[in-house]
Amino acid sequence: MNMEVIEKLNILSGAAKYDVSCSSSGVERKGGNNSVGNTSSSGICHSWSSDGRCISLLKILYSNDCIFDCAYCINRKSNDVKRASFTPAEITELTIGFYKRNYIEGLFLSSAIIKNPDHTMEMMLKVVKTLRTVHRFNGYIHLKAIPGADAKLLREAGFYADRMSVNIELPSEESLKKLAPQKNKKSILLPMKNLGDGALEICQDKKKFRNTPSFIPAGQSTQLIVGASPENDFTIMKLSDNLYKSYSLKRVYYSAFVKVNEDNRLPDKNEKMVREHRLYQADWLIRVYNFNVNELFENSKKFLDYDIDPKSFWALNNLNYFPIEINSADYDTLIRIPGIGIKSALRIIGARKYSVLDFENLKSFGVVLKRAKYFITCKGKYYGFIYKDAGDLKNMIKDKKNGLFIKLPYEKNLPEVYGNDNYL
Amino acid sequence: MIIIYDGTFSGLLTLYYGLLKNNINPLLITKNRKNFLSSEIKYTKTDSLISDYMFSYIKDKTDYDVLRNIYLGYLSKDENVLVNTFNYMKKSIISKKNLIKDLSDYDILKLNRSIRNTEGEAHRFLGLVRFRRLNDESYYSVINPDNDILPLMAGHFKNRLNEKWIIHDINRNYCLIYDKKNINYYKVDRFEYGKLVEAYHEEEKVYQNLWNNYHESIAIKERENRKLQFQFIPVRYWKYLIEKY
Ligand code: SF4
């Protein structure tokens, strides 16, 4: 390792940091003899950066020397920034060195488009292939698929990576055309579909043959920028819902637009963090809590309510369902109560087998009752304050620190699986 | 009654046996001799025959998870929970099932909290261990956890790192050593953290440097949020990391 690598690391990690995903979980990989590492099924954070984000992966670009010119991107061709590219060997050495010292869980490798899409993908493939076959590396690997790269390269990479992602970038084709003219919907959705089909095929083979290799066992995810283009939240949530259902994506990541370039195609200001935050919450509700996208919006309004979390918003619109008696409600009903997440619901169900629960019991289990108390009864008794109507109640339960948002979306703080459910 | 035991798990099971048999409800179980009036104190002697018997007795009467929960109670930083653990065990044995989910019971609630704290800390330290490569080709790390979590971390690192490694709990002065085959526990008599650097492998500093650089360069400066950062890693945990906050 020479000094030059430090310089490259600074440039190419700095360029990758706005990327959203920090998840490294949902997949179990056992270390074998002579191999480096294992992947644990519940995510591990190794450090926290000074902006409060969890660090679990070495997140870098292979290169930032781009031939494309996307309006929103710091590395676009027309910008005058310092350029650098790693060699595959440098990345594998860094990854192994960091992994053995327990700095990281694995590698998240992305890249600008250097020379052409195929060349870029070939280099990235070389990195993951060397890690897996030469170094017998068993840590987690998330690889970005380069739009427009040969389907064969992507498929091969899929056998080495735990997760792959193709960035949707923007919520509509129209915006894509305007802001990222060298990309198009097809060059993004096609690889996504191919990877999905590949995973499905392997999954079926696995039923027949025992030794079928894994193909992106942690699935596919994607990412899009919110606020660089005019699409509303309803459109975005519908899009995500469709990606989960039709492309069996594991996760969609949202990234509030940060203005890094002067360009008249772009809005003047950064997107508010609160919007990103609410989108993550809404996403969580449709993905894990079985909410329907339409339930999260009022008929005419196409944006989420930023004053209040989407679950509370739904509850306020459906006050006739409440209050719910916690000693009798089933699991699906319990998790619809604002403030009660999966963990709390399971605790309640576990404990009420032994005795009828009262309000004090709930408090002592660590169920957060700040909002929940307005929506429940315990042994028939209501513990919230009296309110006139939904608007009145909303004022009581909304986040007091209006606008001044100190918490980042939990999706950015914790790898998935690990302890993030009490939030909603 | 205040009871003093030798601090081993075997000692605790021996003690629990005696308490069950003689139907005693202790006030406090501890391994430290503090300033108690001698008339209130009772000492137990560890007997591995008895503790082995208790081990299978608990397993037969209830299930393996009850044993695991007792063990987790034993690893907790909070000695008061040893009495709660005893009551949980007794109640579970009487009702012939694992009562760990009965959170409306005070003892069980307390034990649950301790378990969550211990397991949570162990999980957190899976990420916070920092190995230093030493010139004898071993990987050394020092941690300072509140609970006794080394036993909970051993399996993870055995799977993860196929090198000779050492994880040293500096608060309890003992360590785990993996020799690429087995994991063993050793007591540490003398250790100076400041001197560890003298044993570094020649490439160690380079990697520490790279890591510090990386750690700094990925932070988004405009969104600095120290409060959040410390919420996740309390200041005392940073002491043996490589990176600075
Ligand atoms: S292709 Fe990627 S790196 Fe290149 S300009 Fe577009 S967004 Fe930036």
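So, here is what we can say about the structure in this document.

With that settled, consider the overall build of chain A. A tally of helices and strands in chain A yields 15 helices and 11 strands. Considering only intrachain contacts with a sequence separation of at least 6, the fraction spanning at least 24 residues in chain A is 69%. Surface accessibility of chain A: about 17400 Å² in total, with carbon and sulfur atoms responsible for 51%.

As a further point, take the packing of aromatic side chains. Two descriptors summarise a pair of aromatic rings, namely the distance from one centre to the other and the angle between the planes of the rings. All names here are of chain A. Inspection of every chain in the model, using the stated rule, returns 30 aromatic pairs over all chains. Aromatic pair Phe 234 and Phe 297: ring centres 5.2 Å apart, planes at 90°, arrangement edge-to-face. Highlighted residues: Phe 234 in helix H7 (residues 233-246) and Phe 297 in the loop between helix H8 (273-288) and helix H9 (310-317), separated in sequence by 63 residues. One exposure class covers both Phe 234 and Phe 297, and it is buried. Taking the centre distance of 5.0 Å and the plane angle of 70° together, the rings of Phe 322 and Phe 375 count as edge-to-face. Placement of Phe 322 in the loop between H9 and strand S9 (324-325) and of Phe 375 in the loop between helix H13 (369-372) and strand S10 (376-378) is noted, with a sequence separation of 53 residues between them.

Turning to the pattern of salt bridges, a few remarks are in order. Counted by the stated rule, this structure contains 31 salt bridges over all chains. Among the salt bridges present, the one from Arg 265 of chain A reaches Asp 263 of chain A, with a minimum N-O distance of 2.9 Å. Overall, Arg 265 of chain A belongs to the partly exposed group, its relative accessible area being 27%. Residue Asp 263 of chain A is classed as buried on the basis of its relative accessible area, which comes to 12%. Between Glu 119 of chain B and Arg 68 of chain B there is a salt bridge whose closest N-O contact spans 2.6 Å. Taken together, the residues span a long stretch of sequence, with Glu 119 of chain B in helix H5 (residues 106-128) and Arg 68 of chain B in helix H3 (residues 64-75) at a distance of 51 residues. For Glu 119 of chain B, a relative accessible area of 34% corresponds to the partly exposed category. Residues joined in a network through salt bridges with shared partners are Arg 101 of chain A together with Arg 133, Glu 137, Glu 203 and Glu 204 of chain B.

All names here are of chain A. Scanning the entire structure with this criterion turns up one disulfide over all chains. Between the sulfur atoms of Cys 45 and its disulfide partner Cys 54 the distance amounts to 2.3 Å. In this structure the cystine formed by Cys 45 and Cys 54 twists about its S-S bond by roughly -110°; its chirality is therefore left-handed.

Contact residues are listed per partner, giving 65 residues for chain A and 57 residues for chain B. Summing both partners gives a buried area of about 5200 Å² for chain A against chain B, and 56% of it is carried by carbon and sulfur. For the chain A face of the interface with chain B, the top three residues by lost area are Trp 48, Arg 101 and Tyr 103 of chain A, together amounting to 15%. Counting the contacts that link chain A with chain B gives four salt bridges. The salt bridge partner of Arg 101 of chain A is Glu 204 of chain B, with a shortest N-O separation of 2.8 Å. Only helix H1 (3-14), strand S1 (47-48), strand S3 (57-61), helix H2 (88-100), helix H11 (342-352), helix H12 (359-365) and helix H15 (410-413) of chain A provide two or more residues apiece to the side of chain A that touches chain B.

Attention shifts here to the site of the ligand. Taken together, Cys 66, Phe 68, Cys 70, Cys 73, Arg 76, Ala 112, Ile 113 and Lys 183 of chain A make up all the residues around the ligand. Residues of the shell around the ligand, tallied by class, amount to six nonpolar, no polar and two charged.

Turning next to the packing of H2 of chain A against helix H7 (residues 204-217) of chain B. At their nearest, the axes of H2 of chain A and H7 of chain B sit 11 Å apart, and the two run at 95° to each other. Here H7 of chain B runs roughly perpendicular to H2 of chain A, going by the angle between their axes. Contact residues: Glu 93, Leu 94, Gly 97 and Phe 98 of chain A in H2 of chain A; Tyr 207, Leu 210, Trp 211 and Tyr 214 of chain B in H7 of chain B. A breakdown of the residues in the contact of H2 of chain A with H7 of chain B according to their chemical character gives six nonpolar, one polar and one charged.

Here we take up the packing of H3 of chain B against H5 of chain B. The packing of two helices is summarised by the inter-axis angle and the distance between the axes. Residue and element names in this part refer to chain B. Direction vectors running N to C along H3 and H5 enclose 70°, while the axes themselves pass 9 Å from each other. As judged from the angle between their axes, H3 and H5 are roughly perpendicular. From H3, Arg 68, Asn 69, Leu 72, Gly 73 and Leu 75 reach across to H5, where they touch Leu 111, Ile 115, Thr 118 and Glu 119. Looking at the contact of H3 with H5, its residues break down into four nonpolar, three polar and two charged.

The rules behind each value
- Residues numbered from 1 in each chain as written.
- Chains lettered and ligands numbered in written order.
- Predicted model: local features only at pLDDT ≥ 70, side-chain atom pairs only at ≥ 80, totals over all residues.
- Heavy atoms only, no water.
- Helix = DSSP H or I, 4+ residues; strand = E, 2+ residues; numbered from the N terminus.
- Contact = heavy atoms within 4.5 Å.
- Areas by Shrake-Rupley, 256 points an atom, 1.4 Å probe, with all protein chains shown as cover.
- Phe/Tyr/Trp six-rings, centres within 6.5 Å; stacked < 30°, edge-to-face > 60°.
- Buried < 20%, exposed > 50% of the residue type's maximum accessible area, 1.4 Å probe, protein only.
- Salt bridge = Lys/Arg side-chain N within 4 Å of Asp/Glu carboxyl O.
- Disulfide = S-S within 2.5 Å.
- Buried area = accessible area lost by both parts, 1.4 Å probe.
- Near = heavy atom within 4 Å.
- Nonpolar A, V, L, I, M, F, W, Y, C, P; charged D, E, K, R; others polar.
- Axes fitted to C-alpha atoms, helices over the stretch in contact; angles between N-to-C directions.
- Parallel < 35°, antiparallel > 145°, perpendicular 65-115°, else oblique.

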